[in-house]
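Listed below are the residues making up each chain.
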Amino acid sequence: MADAVAPEWIEGAAPDGTSFVRAGSGAPVLFIHGVGMNAAIWQPQIERMAGRFDVIAIDMLGHGRSPLPPEAAELADYARQAIRLLDHLGLAKVSVVGHSMGALVAQELALQAPKRVSRIVSLNAVFRRPPELAEAVRERAAALTGRGDAAGAAQTIARWFGDPVPAGLMAAAAKTAAALSKVDPEGYARTYRLFARADGDHADRLQTLAMPALFITGSDDRNSSPAMSAAMARLAPQGRCTVLAGERHMMAVAAPDLTTRHIADFLAEGETAGQTNGAAADAGFDSGEFRRALGSFLTGVTIVTTIGPEGEPRGFTANSFTSVSLDPPLVLVCIAHKALGHPVFATSKSFAINVLNESQKSASGIFASKAADKFASVDWQPGRTGSPVLDGSVACFDCDMERLVEAGDHSILIGRVRDFQHNSAQPLGYCRGAYITPGLSQEALAAAQPGTDVGAILENGGRILFLETTDGFLELPRGRGLGSASDGKSLNGLLAAKSIEAQLGFLFAVWDDAGNASRTHVYYRGTFDVPASSDRGIRLIDIDAIDGLKIADPAIRSMLARYVRECTEDAFGVYVGNEVEGEVRPLARSDAASLNTGDQG
């Protein structure tokens, strides 16, 4: 060992001459340093983790008191050295933390002997260097003579810490420089030459990495860049990337508290697997803020229902709903472990998911509460599986339980859809702790300037409602403002006069009149019930036949052409502009919901 070790550390050597230090007790963790360093460089991590882990720091081949590597060394030589040390210590399985060159060795160890490694942390690892960086490293490797190079060491410190070294990093830089000055020049040269060419050795093998892997680097580490760590994390099946803002290559020494916390928290996830999730294990993770962030995602609202063991209806409110598969037809919803109804839903053979409409806010609140008789507030019928189907829901999916999955503090109910129904009513939305309606507020529209032209594209069963003018042209129903049934000039007054029962839904287009700057046109999508009146001025036209209709207003023709296209694509937007130019802004469409609104069950 090149550096002095603390009295509480155990210093030892394996039969092959490999030197190491060991401290603490708990789950074993093997630390592997980078080129030019030695086991003692991990002092900050050993001091912070020895109270919780059995920490072993190895002197890699050619460093500290360990023997030299072969002249043409490979990563496998360093990995086999680590395995021999584990055998000597009687450790069947460890977590491994490697820095820089040590990260490559750690990865090689995990790939060679996956049953010996439970978790792996790659600090400031290199991966597929870009050409200019690769050339610079190869030039440095070619210049090594095995006789020591004080100028080269100074350049290394400048690369790792900055030139000049910031005042706050002087102590860390001095400690690193001291380690560099004591390294065996030949051991350094042989190892660095391997380091210069091994950055792509695992490119085709990382996808076979069998254990959870954390790739962590500093945002200012140019030679072991965030892009490299991200690329490795994408390849590793259980990979994760973390970038520490403002940190550079020697962050384990320069920012020991922050770096060690990330290492220890990741390793602790393995200790607590099945009991707590990784986010909860991270003391710096703000779960309240996390919940608020999830609440930014706009979702629908559902009531999930089933029949209890005594034949009683049970239900809870949730917006953690999503489709899973079309073939077979699968959906899922989540329920909190703490929910009163969790034992019932977790053991049920079936359940129904009822998607609520705008008028069912009160039902949502009741089913999210601990009310004794939630079903007294709603009308319902038993579905095909016997689960309650709520009257008036926008859609309902009646399911058999396909699978129950435990995930953190929730259970995921995956259901195979046996029956479903849906209608054109407007859904209830939820975002940031409040209910919303996806369409433009009709109350706000009612307060708009009187000259606003308000119309609607009303659909029923694939047919659009038109009104025929006296000269044989067709037009959409429209009026001056939204108005009321008693205002004959308004849209609602026109619809009432013709006995048309219409339900306005999402906003579809808004544009300014090119000839009259004070006039605005607003059109909704909506539905209608087929009128019972014999008004011959009402025409119902198939969507596919709209293209050739006699429509006078070119702006309306253009809008209808977009409506036909978006119906085909099932992807609607809102046009904003004028009669001549504008843009279609897509509506946020989501099949998924990410946060339970009610955990009461």
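Refer to the structure above for everything that follows.
Engineer: Explain the sheet that holds strand E4 (residues 53–58) to me, please; I cannot follow it from the model alone.
Structural biologist: Two pairing modes exist for strands in a sheet, parallel and antiparallel, and in both the strands are linked by backbone hydrogen bonds. Pairing is mixed across the open sheet formed by eight strands, whose spatial order is E1-E2-E4-E3-E5-E6-E7-E8. In this open sheet, the two edge strands, each paired with only one partner strand, are strand E1 (10–13) and strand E8 (239–244). The average undirected angle you get between the axes of adjacent strands in this sheet is 20°. Bridging between strand E3 (residues 27–32) and strand E5 (residues 94–99) involves four bridges; their strand directions are parallel. Each residue of the ladder has a partner; that of leucine 30, found in E5, is valine 96.

Engineer: Could you clarify how one ought to interpret the packing of helix H2 (residues 75–89) against helix H3 (residues 101–112) in this entry?
Structural biologist: Angle between the axes and distance between the axes: these two values describe a pair of packed helices. One can describe the packing of H2 onto H3 by two numbers: an axis separation of 8 Å at closest approach and a directional angle of 70°. Considering their axes alone, H2 and H3 lie roughly perpendicular with respect to each other. Together, Leu75, Ala76, Tyr78, Ala79, Arg80, Ala82 and Ile83 of H2 and Met101, Leu104, Val105, Glu108, Leu109 and Gln112 of H3 make up the contact between the two elements. Grouping the amino acids of the contact of H2 with H3 by side-chain chemistry returns 10 nonpolar, one polar and two charged.

Engineer: What is the right way to read the nonpolar core from this model?
Structural biologist: Soluble, globular proteins show a tendency: their nonpolar side chains are buried together. Counting 95 residues, the largest nonpolar core has Leu30, Met101 and Leu209 as the members making the most contacts within it. For leucine 209, the residues in contact, after removing those within four places along its chain, are Ala110, Leu111, Ile120, Phe215, Ala236 and Pro237.

Engineer: Please explain helix H7 (residues 185–197) as it appears in this structure.
Structural biologist: Because each turn of an α-helix spans 3.6 residues, side chains separated by three or four positions in sequence point in the same direction. Counted at 1.5 Å a residue, the expected span for H7 with its 13 residues is 18 Å, and the 19 Å between its end C-alpha atoms agrees. Taken residue by residue, H7 has Gly187, Tyr188, Ala189, Arg190, Thr191, Tyr192, Leu194, Phe195 and Ala196 as its buried positions. One side-chain oxygen of the residue at the start of H7 lies 2.9 Å from the amide nitrogen of glutamate 186, identifying that residue as aspartate 184.

Engineer: In this structure, what is going on with H3? I would like to understand it.
Structural biologist: Its 12 residues place the ends of H3 17 Å apart at the C-alpha level, agreeing with the 16 Å of an ideal helix rising 1.5 Å per residue. With 11 of 12 residues buried, H3 is to be regarded as a mostly interior element. Among all positions of H3, only Met101, Gly102, Ala103, Leu104, Val105, Ala106, Gln107, Glu108, Leu109, Ala110 and Leu111 are buried.

Engineer: Help me understand the sheet that holds strand E13 (residues 330–336) in this model?
Structural biologist: Taken in spatial order, the seven strands make up an open sheet running E11-E10-E14-E17-E18-E13-E12, and their pairing is antiparallel. Looking at which strands have only one partner, the edges of the open sheet turn out to be strand E11 (313–318) and strand E12 (321–325). Across the sheet, the mean angle separating the axes of adjacent strands is 35° when strand polarity is ignored. The pairing of strand E14 (residues 350–355) with strand E17 (residues 395–407) spans six bridges and is antiparallel. Bridging from a neighbouring strand, serine 350 pairs with aspartate 400 of E17.

Engineer: I keep staring at the pairing of E8 and nothing clicks. Help me out?
Structural biologist: One face of the sheet, then the other: side chains in a regular strand alternate in exactly this way. For strand E7 (residues 213–218) and E8, the ladder comprises six bridges, and the chain directions are parallel. Looking at E8, one finds that threonine 217 is bridged to valine 243. Note on the crossover from E7 through helix H8 (residues 226–235) to E8: the handedness is right-handed.

Engineer: I tried to follow the pattern of salt bridges on my own but got confused; where do I start?
Structural biologist: Two side chains of opposite charge can pair, provided their charged atoms sit close to one another. Throughout the structure, instances matching the rule amount to 20 salt bridges. For the salt bridge of glutamate 74 with arginine 197, the shortest nitrogen-to-oxygen distance reads 3.5 Å. Of the two residues, glutamate 74 sits in the loop between E4 and H2 while arginine 197 sits in helix H7, which places them 123 residues apart along the sequence. The exposure class assigned to arginine 197 is partly exposed, which follows from its relative accessible area of 43%. Salt bridges linked by common partners bring Glu71, Glu186 and Arg190 together as one network.

Engineer: Where do I start with empty space enclosed by the protein in this structure?
Structural biologist: Vacant regions in the atomic arrangement are exposed by a probe of water-molecule size rolled over the atoms. In total, this model carries three cavities of 30 Å³ or more according to the counting rule given. In this structure, the largest cavity occupies an estimated 210 Å³ of space. Lining the largest cavity are 20 residues, with Ser100, Trp160, Tyr192, Phe195 and His249 positioned closest to its centre. When contributions to the lining of the largest cavity are tallied by element, the ones reaching two or more residues are helix H4 (131–143), helix H5 (150–161) and H7. Of the residues belonging to the lining of the largest cavity, the class tally is 10 nonpolar, seven polar and three charged. Taken as a whole, the second largest cavity spans an internal volume of roughly 70 Å³. Lining the second largest cavity we find His33, Gly34, Met37, Ile41, Trp42, His99, His249, Met250, Met251, Ala252 and Val253. Considering each element in turn, the lining of the second largest cavity owes the most residues, three residues, to helix H9 (residues 251–254). Grouping the amino acids of the lining of the second largest cavity by side-chain chemistry returns seven nonpolar, four polar and no charged.

Scoring rules and cut-offs
Residues numbered from 1 in each chain as written. Predicted model: local features only at pLDDT ≥ 70, side-chain atom pairs only at ≥ 80, totals over all residues. Heavy atoms only, no water. Pairing = 2+ DSSP bridges. Helix = DSSP H or I, 4+ residues; strand = E, 2+ residues; numbered from the N terminus. Axes fitted to C-alpha atoms, helices over the stretch in contact; angles between N-to-C directions. Parallel < 35°, antiparallel > 145°, perpendicular 65-115°, else oblique. Contact = heavy atoms within 4.5 Å. Nonpolar A, V, L, I, M, F, W, Y, C, P; charged D, E, K, R; others polar. Core = buried A, V, L, I, M, F, W, Y, C linked by side-chain atoms within 4.5 Å. Buried < 20%, exposed > 50% of the residue type's maximum accessible area, 1.4 Å probe, protein only. Expected span 1.5 Å × (residues − 1). Polar contact = N/O pair within 3.5 Å; in protein donor to acceptor, adjacent residues only side chain to side chain. Right-handed = clockwise from strand over helix to strand, strands pointing away. Salt bridge = Lys/Arg side-chain N within 4 Å of Asp/Glu carboxyl O. 1 Å grid on protein atoms, 1.4 Å probe; cavity = no way out; pocket = protein on both sides within 12 Å on 5 of 7 lines; lining within 4 Å. Points joined across faces, edges and corners; volume = space filled by probe spheres on them.

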